[in-house]
Each structure stands twice: as C-alpha cells, then as structure tokens.
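Letter by letter, the chains look like this.
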Amino acid sequence: GDSVTQMEGPVTLSEEAFLTINCTYTATGYPSLFWYVQYPGEGLQLLLKATKADDKGSNKGFEATYRKETTSFHLEKGSVQVSDSAVYFCALSDFGQNFVFGPGTRLSVLP
Amino acid sequence: ETGVTQTPRHLVMGMTNKKSLKCEQHLGHNAMYWYKQSAKKPLELMFVYNFKEQTENNSVPSRFSPECPNSSHLFLHLHTLQPEDSALYLCASSQESKNTDTQYFGPGTRLTVL
C-alpha cells in the first residue's frame, strides 16, 4: 500500500532560520499530498495541500511542491518564528486507500 | 476552526466506568473517522464511517464501540478501558472515504484512564 516517510526530528532552529522538513511518498495512483500541523494540546490542522504534480501548496509562509519525479513533498519556510513550534505531519490520500500519515516531525524554534 | 467539534475536551475515567466521546461535523461531509494518538507512536486509524456505514475497524478492542447515527455525528463509547488506552482521541471528516479528499480534524479528547 501507499506510504509516507518524513524526518522524525526533533528539529531545533533559531528564530528567522530557514526550515526544510523532508517528506517522500510511495503510491500506486495519483494521490493528493498534505501537510498538517499540530500545536500543543490541539488537533491536526490542515496547513497546505497539492492535488497534482508540480502544484505548489502555500499558507502562512510555508510552501511545498508536489514533485512526482522524486516522489517528494518537502515543507519549507524562509524565516521561522517561535509560534511555528509544533509537530508537522506529511500525509497523502489516494483512491481506494485510507489516508496515510507520516510519523510527524517536532519543530522547536528558539528565540 | 469550528468545522469539526469534539466533546469533552478532557476526560478522566476509572477502568470500570462507561463514558462516550462525541464528534460533530458542520461541513456536509459523508465520511467520519476516529484516530488514536499516543505519545511517541504514529497516528492510528481506529474506525471509518462512510455514509453512516462502518467501512473500517482496524482490529480495535471491543471495549471501544463506535456509533454513527447520521453523517454529522460520530460517537465513541468506552467501557472497561485499560490505562494503556490513555491517549488523545481525534475525530476527522472528509467528503468521502478512500479518495483524494482533505480530512478535517477536531481538537481531540484527551483521555486519561486511571
């Protein structure tokens, strides 16, 4: 079945640093790809998504591009803030399959 | 975000208690899900309902009993739980299951079993 692999972290950065969280996937079909964010004590919130190859999802300064040739959907942000400290989940959804989540990457941003 | 709500937000119960978790979605979706999130474990899919029919039960112990009376409401009935069942229980919804739709999550119920 489909699967998602992402760096588990934790990732610790200083404020205003550049962020990359790697995500790669395997899928038999043409899945949609997602990044979710979970702040402490809360549920998962959709951060961004892309539904086809070469689409770029973006939100709150975060970006990720659906790369079919490398089966990747890496999350990037140019300048992180303390308020970005959270757990980030890469995920995919595909026809005939349940949603598949990566293990999550904990990000800590220090002032 | 009020698309998916869950009550209660926190629950403490003894091993002999019976309690229920409630989830409601206001998005007009047809699929609803229960997930379990334990510390240092991946997100675990427990149950899936699509158009009120249960389509997935991922080997969940019978002490967890889901109920989906309509497409907007989902319950998880809890009975004689174990301490290892302590976790964050997340409800989600999507337009339909097993396609490329986005899932939207509630805030979760933090369950502690004493």
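Look up: the structure comes first, before these words.
Residues numbered from 1 in each chain as written. Chains lettered and ligands numbered in written order. Predicted model: local features only at pLDDT ≥ 70, side-chain atom pairs only at ≥ 80, totals over all residues. Heavy atoms only, no water.

**Student:** I tried to follow the overall build of chain A on my own but got confused; where do I start?
**Tutor:** Each helix and strand counted, chain A has 0 helices and 12 strands in total. For chain A, the sequential pattern of α-helices and β-strands runs β-β-β-β-β-β-β-β-β-β-β-β. Taken over C-alpha atoms, the radius of gyration comes to 13 Å for chain A, in line with the 13 Å a tight globule of 111 residues would show. Along the first, second and third principal axes, the C-alpha atoms of chain A reach 45 × 25 × 20 Å. Across the 111 residues that make up chain A, the buried fraction comes to 47%. (Helix = DSSP H or I, 4+ residues; strand = E, 2+ residues; numbered from the N terminus. Rg over C-alpha atoms; globule rule 2.2 N^0.38 Å. Buried < 20%, exposed > 50% of the residue type's maximum accessible area, 1.4 Å probe, protein only.)

**Student:** Got a minute to help me understand the side chain of Ser32 of chain A in this structure?
**Tutor:** Looking at the secondary structure, you find Ser32 of chain A in strand β5 (residues 32-38). Within the structure, Ser32 of chain A has its side chain in polar contact with the backbone oxygen of Thr100 of chain B (distance 3.3 Å). Each residue touching Ser32 of chain A, except ones within four places of it in the same chain, is listed here: Ala50, Thr51, Ala91, Leu92 and Ser93 of chain A together with Thr100 of chain B. (Polar contact = N/O pair within 3.5 Å; in protein donor to acceptor, adjacent residues only side chain to side chain. Contact = heavy atoms within 4.5 Å.)

**Student:** Any chance you could explain the state of the cysteines here in plain terms?
**Tutor:** Defined simply, a disulfide is a covalent bond joining two cysteines at their sulfur atoms. Residue and element names in this part refer to chain B. Considering all chains together, one arrives at 2 disulfides over all chains under this definition. Here Cys23 pairs with Cys91 through a disulfide, and the sulfurs are 1.9 Å apart. In this structure, the disulfide formed by Cys23 and Cys91 twists by about -75° around the S-S bond and is classed as left-handed. Within this pair, whereas Cys23 is found in strand β3 (residues 18-25), its partner Cys91 is found in strand β9 (residues 87-94), the two being separated by 68 residues in sequence. Note on accessibility: Cys23 and Cys91 belong to one class, buried. For Cys68, which is in no disulfide, the shortest distance to another cysteine sulfur is to Cys91 and amounts to 9.1 Å. The exposure class of Cys68 is buried, given its relative accessible area of 11%. (Disulfide = S-S within 2.5 Å.)

**Student:** Honestly, the pairing of strand β4 (residues 23-26) of chain A in this entry has me stumped. Any pointers?
**Tutor:** Side-chain direction in a regular strand flips from residue to residue, so the side chains alternate between the two faces of the sheet. Residues and elements named next belong to chain A. Side chains Cys23 and Tyr25 of β4 all project onto a buried face; the interleaved residues Thr24 and Thr26 project onto a face where none is buried. Strand direction decides the pairing type here: strand β1 (residues 3-6) and β4, joined by 4 bridges, are antiparallel. Looking at the pairing, Val4 lines up with Tyr25 of β4. (Pairing = 2+ DSSP bridges.)

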